[in-house]
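Chains, contacts and geometry: an overview
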Amino acid sequence: MDLRNVFASCNDMLIEISDNFIYYAEEKKEEGHNSLFILEYNRITRRERIVTNYILSNPSFVQHFFCFPDHIIVVMEGGESEAWILRIDKHTGEEKNMAKLNFIGSFADCTALDEDHIIVYTVENEKHQNMFQAYKKLTGFSKIAYLYDLDDEKYYYVRDPRVCNADSSGLIPYERDGQIQLLVLLPHGDEAEKEKCYKNKRWLGDNINDNVWLCPLFDFIITVKNGEERAPLELILSAGTCGLVRYAGMDEENLYFRAKHFPTGDQRLCAYNKLTGKKTVAAELNLKGDEKPASFFIDVNGARVYRITENEDDYEVDGVLNSEIHAKYSKELGGFLACVDDRFILARYVLSDDKDSFEFNSIYDVTTNEQKSYECCCTVQGSTVVLY
């Protein structure tokens, strides 16, 4: 989908790509006012429709969008102690909710768990410094987590340390057998920090953990509303100081995690079956002694893994998981970005200096050897490539 002529400016933001529609937001100035438009692009009729629009009283507000089958949730915040939350009917543009929330601390990040519930994190600020210090002394947490119920128009303090110590990117809802589950990722820092802990294991001990927890979303919400300190989270994966576990995406059947054992360098992609909870090794992420140096690219959105081998003039791409591609493409196109239908390789090249940055995205057809390059942004969702 080439939407470069549809998107009016660089202030456009993609919200959702589905089979029939693309939803996006656009900020622009009209009659002296900063306005936010939420729009729908029909992929079949190739027509654009305004879902709704708002005048932005504070142009410095940042918007966070969350899409569901019938609604779009918008959180608008300026990094301070307040945020506006809107829930909009995608089909009619009707405003279902509009609420202003006031917090202790400054807004840090947020995520929507479902159409009715949002988690908001705040951190210490100057205005609430004393209250925050008392909170940290009492709980040991550096952040406050709020659960906001859009139907009740109330928020509740989250007391579970595993959720309070996570962040919005580590809270991942998904559906299993008609019920929404909540995946809670609690890694210890980034990969470099975790490996540093291993190298200093003599002083730090064996209990520097990456943990992955799982819980029915309904049960989590009930425990938070009841003021309980522990949600019924089940520990499904863990790695101590000698290794790491990192989330690597999901498909209809499995959750995937990359696991690494620092002493041996062994690295694998593990699958956790959503229905049975059975754990298996989905792919080995190790190079054999006679293989060229290569890296592994994990497509978290598509639950695919590729081995990328760098040659003098080209990159060689081999499918490892959920892909059977074997192809080469010119280095001039840039770094590997994605592969669609085991046929179209997407590569990205960014040219930047102190003043400007230019992004070039290329699509290479491994069947016909045709390639096209575009100066624009690019997003891949499933088998859909959007240029904008």
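Above this text sits the structure in question.
To start, this report covers the structure provided alongside it.

So, on to the packing of aromatic side chains. Throughout the structure, instances matching the rule amount to 13 aromatic pairs. A ring pair is formed by Y146 and Y157, whose centres lie 5.1 Å apart and whose planes are at 40°; its orientation type is tilted. Of the two residues, Y146 is situated in strand β11 (residues 143-149) and Y157 in strand β12 (residues 154-157); the sequence distance between them amounts to 11 residues. On the basis of relative accessibility, which here comes to 1%, the residue Y146 falls in the buried class. Accessibility expressed as a relative area gives 38% for Y157, which makes it partly exposed. Cluster of aromatic residues (ring-pair linked, three or more members): F103, Y146, Y155 and Y157. The positively charged end of K28 is found above the aromatic ring belonging to F37, 4.8 Å away from the centroid. The residue whose ring lies beneath R162 is W213, and the NZ or CZ to ring-centre distance is 4.7 Å.

Next up on the list: the pattern of salt bridges. What the rule picks out here adds up to 24 salt bridges. Linking D210 and R246 is a salt bridge whose minimum nitrogen-to-oxygen distance equals 2.7 Å. Placement of D210 in strand β15 (residues 210-216) and of R246 in strand β17 (residues 243-250) is noted, with a sequence separation of 36 residues between them. R246 sits in the buried class, given a relative accessible area of 13%. Members of the salt-bridge network, linked through shared partners, are R87, D116 and D151.

We now examine the environment of L3. The residue L3 is located in the segment before β1 (13-17) in this model. A relative accessible area of 0% places L3 in the buried class. Along the primary structure L3 and R46 are separated by 43 residues, whereas in three dimensions their C-alpha atoms are 9.8 Å apart. In contact with L3, other than residues within four places in its own chain, are I22, Y41, V386, L387 and Y388.

Membership of the largest hydrophobic core comes to 44 residues, with the highest contact counts inside it found for I118, V158, L171 and F220. Of the residues forming this core, the biggest block, five residues, is contributed by β11. Apart from residues lying up to four places away in sequence, L171 is in contact with T111, L113, I119, Y121, V163, A166, L182, L183 and V184. Core analysis: the next-biggest nonpolar cluster, separate from the first, contains 15 residues, V51, Y54, F61 and I72 among them.

With that settled, consider the sheet that holds strand β27 (residues 357-365). Adjacent strands of a sheet form backbone hydrogen bonds with each other and so pair up, either parallel or antiparallel. Sheet architecture is open: four strands sit in the order β25-β26-β27-β28, paired in antiparallel fashion. The open sheet has two edge strands with one neighbour each: β25 (335-340) and β28 (371-375). Pairs of neighbouring strands in the sheet enclose a mean axial angle of 20°, with direction left out of account. Pairing of strand β26 (residues 344-352) with β27, which is carried by nine bridges, proceeds in the antiparallel orientation. In the strand pairing of β27, Y349 is matched with F360.

A few words on the sheet that holds strand β6 (residues 71-77). Strands sit in the order β5-β6-β7-β8 across an open sheet of four strands; the sheet is antiparallel. The sheet terminates laterally at β5 (62-67) and β8 (95-102), the two strands that pair on one side only. Along the sheet, successive strands turn relative to each other by an average axial angle of 15°, direction set aside. Examined bridge by bridge, β5 and β6 share six bridges and lie antiparallel to one another. Looking at β6, one finds that F65 is bridged to V74.

With a phi close to 55°, E153 is a non-glycine residue in the positive phi region. Locating E153 in the fold gives a position in the loop between β11 and β12. When its relative accessible area of 52% is taken as the criterion, E153 is described as exposed. Phi at D341 is positive, roughly 55°, even though this residue is not glycine. Mapped onto the fold, D341 is located in the loop between β25 and β26. We classify D341 as exposed; its relative accessible area is 56%.

By secondary structure assignment, the location of S362 is in strand β27. Residue classification places S362 among the buried residues on the basis of a relative accessible area of 4%. Side-chain polar atoms of S362 contact the side chain of S373, separated by 2.6 Å. Sequence-distant contacts of S362, that is, excluding residues within four places in its chain, are made with L333, I345, L346, A347, K372 and S373.

The subject of this paragraph is the state of the cysteines. Here the structure, examined in full by the defined rule, presents zero disulfides. Unpaired in terms of disulfides, C376 finds its nearest cysteine sulfur in C378, a separation of 6.5 Å. On the basis of relative accessibility, which here comes to 10%, the residue C376 falls in the buried class.

This part is about the pairing of strand β14 (residues 179-186). Burial runs high along β14: six of the eight residues are buried. Two elements, strand β13 (residues 171-176) and β14, share six bridges in a ladder whose sense is antiparallel. Residue Y174 lies in a different strand from β14, and its bridge partner there is Q181. Hairpin remark: β13 followed by β14, antiparallel, with two residues in the connecting loop; positive phi at D177, about 55°. Where β14 meets β15, six bridges bridge the pair, whose relative direction is antiparallel. Bridge pairing in β15 links Q181 to P216.

Parameters at a glance
- Residues numbered from 1 in each chain as written.
- Predicted model: local features only at pLDDT ≥ 70, side-chain atom pairs only at ≥ 80, totals over all residues.
- Heavy atoms only, no water.
- Phe/Tyr/Trp six-rings, centres within 6.5 Å; stacked < 30°, edge-to-face > 60°.
- Helix = DSSP H or I, 4+ residues; strand = E, 2+ residues; numbered from the N terminus.
- Buried < 20%, exposed > 50% of the residue type's maximum accessible area, 1.4 Å probe, protein only.
- Lys NZ or Arg CZ within 6 Å of the ring centre and 35° of its normal.
- Salt bridge = Lys/Arg side-chain N within 4 Å of Asp/Glu carboxyl O.
- Contact = heavy atoms within 4.5 Å.
- Core = buried A, V, L, I, M, F, W, Y, C linked by side-chain atoms within 4.5 Å.
- Pairing = 2+ DSSP bridges.
- Axes fitted to C-alpha atoms, helices over the stretch in contact; angles between N-to-C directions.
- Polar contact = N/O pair within 3.5 Å; in protein donor to acceptor, adjacent residues only side chain to side chain.
- Disulfide = S-S within 2.5 Å.

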